[in-house]
Each structure stands twice: as C-alpha cells, then as structure tokens.
Amino acid sequence: MAYCVAHTGKSLLWAASDLLTLYLLVSRYGMAPAIAGALFLTGLAASALADFAIGAWLARRPGDAARIAAVGLCVASLVFPLTIVSAPLGPGAVLAAALVFRISYAGCDVPHNALMGRLGGDPAHATALSRGRTLGTGIASFVAAACLGGIGGVGITPLLWGIGAAATLLGMAMVPLLITFPLATRGARIGRSPSGALPWAFLLASVVGIVALGSLGKAMLHLSGVATPAAGATTLGALIAGRTASALFPVRIGSTRQGLSLLAVTFCVSAAVPILFLDDGYRAVAPLVLGLAMGLSNLIGWALLSLLARDARDYGFYTMASKLALGAAGLALAGGLGGGAVFTPGGFPAFAGGIWAACVVAALLCLTCRPRRDLDRP
C-alpha cells in the first residue's frame, strides 16, 4: 500500500506537468507553441539522461537510494510551480526551472521504480504492484485534469503549490520502504544472472508500443469536432477512465513467457483501436478503449520489468527509454498533423495506418523475445 501511495504522489507531479505545462504556457502566458514544445521536449530529454545516470549510480551504491529519493522529490515539488509561473521572465527562466525539475524528478523516479523489483520478486507480487501503479497513475491523472478545470476559480499559483505539497506528502511514503528494503547491487537478486541485460526485443516492443499508443492519445485531441476545450476535456476524461479501469482486469502472469505473450496480445488488440476513430459510430467509445489498451500494456510491461531487471541500472535505462519514447510520440504527432491544428480528411487515415503497423511490430517483438531460463519461473 505504501508503495502505491508513493507512486500516486510522484505521478501527481508527472501528470500535472504533462497536462498543465504546455496548456498554461501557451494559453495563459502567450508563449509561442513551438517554443513551449521545444522547452518541454528539452526537459524530457534531460530527465531521460538523468534516469540513466541515477540508475548507474544506484547500481554501484544502492544504499544512497533513500537519500536521493527524498531530496529529488522535495526539490522537484518545490521547483514544479516555477516551470510555469516563471514564463513572464522569458523562455530562459522556464528552461532553467524545467531542467532542475526534470532532473530532480528522476532522482525520486528511479529509486521508486527500482523498489518495485525489490518488492515484487515473483510474478504474482509483481502483477499486484503493477496493478497498484496503474490505479495510482489514474488517480493522479484525474486530479491533474480536475485542476485544469479549476484554474479559473482558484488561480494558477496556489493550485501549483498545492500540487507540489500533495506530491511531497504522498511521495515520501517511498523513503521508509527504501530504508527497510534496500536495493540490490548488480546481479545480487536471487535467481538472477549477473550477465546480460534487459532483452532488447522487450525494450524495443515497449518503446514502439509507447510511441504508437502515445501518439494516438495525443492525435485524438486534434480530430475535427474534438479540438475544442469542452470536447477535448470529455475525450481526455474518457482516456483517463479507461487507463484507470485497466487495473481492474483479471490479469494473471505466471511466468515471463506468459507475460510476454499477454503483452503481444495486448498490442495486437491495440492495433484495432485507431480503426475505431475512423468510424463516427465508434468514435465516442474509442478514447475509452484506447485508455484500456494503454493501461493494460503499461500494467503488463511494468510487471515484466520487475521480473527481467537486475538492479537500478536496468530501471533507469527502461525509464529513460520510456521518456524518450513519449517525446518521440509528440514528434510523430507533429509529423502527422503536417503543421495544421487538426488533421486533414485524408491525414488521419494515413496516421491511423501507421499506428496499426507499429502495434503489430510491437506484438511481433514480444513474441520473438527469449528471456533467460533463470527468469522464466512458474
């Protein structure tokens, strides 16, 4: 429970940054969309590199995890409001705040993620923890979306500081866990071989899936008839509801091979989701189905990671790859839009075809993945 509470608090910062930053910089402070997007992607890239560096550090000195997590969470919570309210000072101020926020966030993100491998040593526990992560992410996303709707009545600055305070209060639940259950050094986990790394097929499948589904999640807000504040809020709410509801699916993972097969099936089914957006009769439920697909792939992927990873270095590398994939999803959307605010009549079908192909590729990569025998436990 404490792990899931900490994840909810940490995710609140991430969800608020993802949902609020670009919107407020552009709509409230008048920053050019291209500049705001460039700042957002730069911060994301810095966070990804910091993930890898912190993972490598903790693989050598796992005893530092609790201190790094506590400092990282406090600094990230304090700096988060400045990534938005510093906009009147210019792009340079926003970039400086964004870099400090993203790098310090990595300081709490990697230890918390690596803790999952320490607590979820078998498939059943790993799946339960991943389910709790999915619920925590859904709750944090709902809160962030609600804050987006309440900005007018409360004011931007108090709301942002409130998010930071809540994130610190909840996220600190990870610190006692990191002290009680210290992270392992490289190769020290029971039944794990010190040689080899995360299977490349699993990593590539995860990245391709994140890019595909993440691009579609962003693209749906640029469809004709959806690209309005009211319709966009409804669509986003359905997506978040679907992701949260995915935690209730009776997913059972008995081994890494079974988990990879389930992930392949999830990506295969996800390939049909973009087709729903092409039919006006199914477009209303398409965001909910997309949310379910995103949530299930995330749930199964993190459960598998806790079985495949050896130490914090692997978690840092996976987190880095995931964040770079999210940035790639934004670039894919920009390319699909072709510079317009909404898709052209023939633009989205071609974009949907690309998403379909990417989901199929991700499924095939999962099926070709061969986990080591010492990891494929019943």
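All residue numbers refer to positions counted from 1 along the written sequence of the respective chain. Only residues with pLDDT of 70 or above have their local features reported here, since the model is predicted, and side-chain atom pairs are shown and tallied only from 80 upward, although totals for entire chains, interfaces and linings are computed over all residues. Only hydrogens and water are set aside when side-chain values are computed; all heavy atoms of the structure are taken into account.

Before going further, it helps to spend a moment on the environment of Lys323. Checked against the element boundaries, Lys323 lands in helix H14 (residues 312-337). Along the primary structure Lys323 and Ala45 are separated by 278 residues, whereas in three dimensions their C-alpha atoms are 7.3 Å apart. Apart from residues no more than four positions distant in its own chain, Lys323 is found in contact with Trp14, Leu44, Ser47, Ala48, Asp51, Tyr105 and Asp109. In the analysis that follows, any N or O atom pair within 3.5 Å is treated as a polar contact, provided that within protein one partner can donate a hydrogen and the other can accept it, and provided that, for residues neighboring in sequence, both atoms belong to side chains. A distance of 3.0 Å separates a polar atom in the side chain of Lys323 from a polar atom in the side chain of Asp51. Secondary structure counts use DSSP, requiring at least four H or I residues in a row for a helix and at least two E residues in a row for a strand, with both numbered from the N terminus. Whether two residues are in contact is decided by their heavy atoms: any pair within 4.5 Å suffices.

A few words now on the confidence of the model for the chain. Looking at any residue, its pLDDT shows the predictor's confidence there, from 0 to 100. Mean pLDDT over the chain: 83, with 89% of residues reaching 70 or higher. When mean pLDDT is taken per element in the chain, helix H3 (residues 65-79) scores highest with 94 and helix H6 (residues 123-154) scores lowest with 78. Low pLDDT (under 50) marks residues 187-196, which in the prediction has 29 contacts with non-local residues, meaning those over four places away or in another chain. Scored below 50 in pLDDT, residues 373-378 makes 19 contacts in the model with residues more than four places away or belonging to other chains.

A word on the packing of helix H1 (residues 2-27) against helix H2 (residues 33-60). In a packed pair of helices, the relevant descriptors are the angle between the two axes and the axis-to-axis distance. All axes are obtained by fitting lines to C-alpha atoms, using only the stretch in contact for helices, and the reported angles, taken between N-to-C directions, cover 0 to 180 degrees. Following both chains from N to C, one finds H1 and H2 inclined at 155°, their axes separated by 8 Å at the closest point. Viewed along their axes, H1 and H2 adopt a mutual orientation that is roughly antiparallel. As for how H1 packs across H2, the hand of that crossing is right-handed. Note on element contacts: H2 touches H1 through Pro33, Ala36, Gly37, Phe40 and Leu44, opposite Trp14, Ser17, Asp18, Leu22, Leu25 and Val26. In terms of residue class, the contact of H1 with H2 is built from eight nonpolar, two polar and one charged. Angle categories are assigned with fixed cut-offs, so that under 35 degrees is roughly parallel, over 145 is roughly antiparallel, 65 to 115 is roughly perpendicular, and the rest are oblique. Take the far helix as your reference; a near helix turned counterclockwise from it by less than a right angle gives a left-handed crossing, and one turned clockwise gives a right-handed crossing. When residues are grouped by polarity, Ala, Val, Leu, Ile, Met, Phe, Trp, Tyr, Cys and Pro land in nonpolar, Asp, Glu, Lys and Arg in charged, and all others, Gly among them, in polar.

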